[in-house]
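# Coordinate inspection notes
In case you want the letters, here they are:
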Amino acid sequence: MYKALCEQKDEVLRDMVDRSVFQAELEKAQKDALKAKQDHDLLVEELKVQKKITLIDQLRSEMDEVKTSADELRGKMDLLASEQDATKEDLTSTKVQLRVMREKADKWSQLNEDPWA
């Protein structure tokens, strides 16, 4: 009977040791899994940040293109405004010349009329 009790005790002790080993392995596996999840989450966040940085760089590039295009258009608008001013000055000059010519034509017309008629 004593031998059977010793065997039972040994078996219980082995069981306890096995359980504690399994428990330790389980805890280590859980810690490893938690660390792996944290590492994964960190990598996902870094990827999101990198994508945002890439998008910002792309948008900056597009914004620079739009600014360049706007500057070119402003230059063209300034040129057109300058041409418009020059055209207005030409028109005003032409109107003045036309008025002067009409006045001269009227005077010639008056001079060429028969004074005795």
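Residues numbered from 1 in each chain as written. Predicted model: local features only at pLDDT ≥ 70, side-chain atom pairs only at ≥ 80, totals over all residues. Heavy atoms only, no water.

### Quick look at the overall build of the chain
- A count of helices and strands for the chain gives 1 helix and 0 strands.
- Here the chain holds 117 residues, and the buried ones make up 0% of them.
- Per element, the accessible surface of the chain, about 11,400 Å² overall, is 60% carbon and sulfur. (Helix = DSSP H or I, 4+ residues; strand = E, 2+ residues; numbered from the N terminus. Buried < 20%, exposed > 50% of the residue type's maximum accessible area, 1.4 Å probe, protein only. Areas by Shrake-Rupley, 256 points an atom, 1.4 Å probe, with all protein chains shown as cover.)

### Some thoughts on the pattern of salt bridges
- All told, the structure shown has 5 salt bridges when counted by the stated rule.
- With a shortest N-O distance of 3.1 Å, Lys37 and Asp41 are connected by a salt bridge. Taken together, the positions of Lys37 and Asp41, both in helix H1 (residues 2–112) and 4 residues apart, correspond to about one turn of that helix.
- Between Glu45 and Lys48 there is a salt bridge, and its shortest N-O distance comes to 3.8 Å. Here the residue Glu45 and the residue Lys48 both occupy positions in helix H1, the gap between them amounting to 3 residues, near one helical turn.
- Given a relative accessible area of 44%, Lys48 falls into the partly exposed group. (Salt bridge = Lys/Arg side-chain N within 4 Å of Asp/Glu carboxyl O.)

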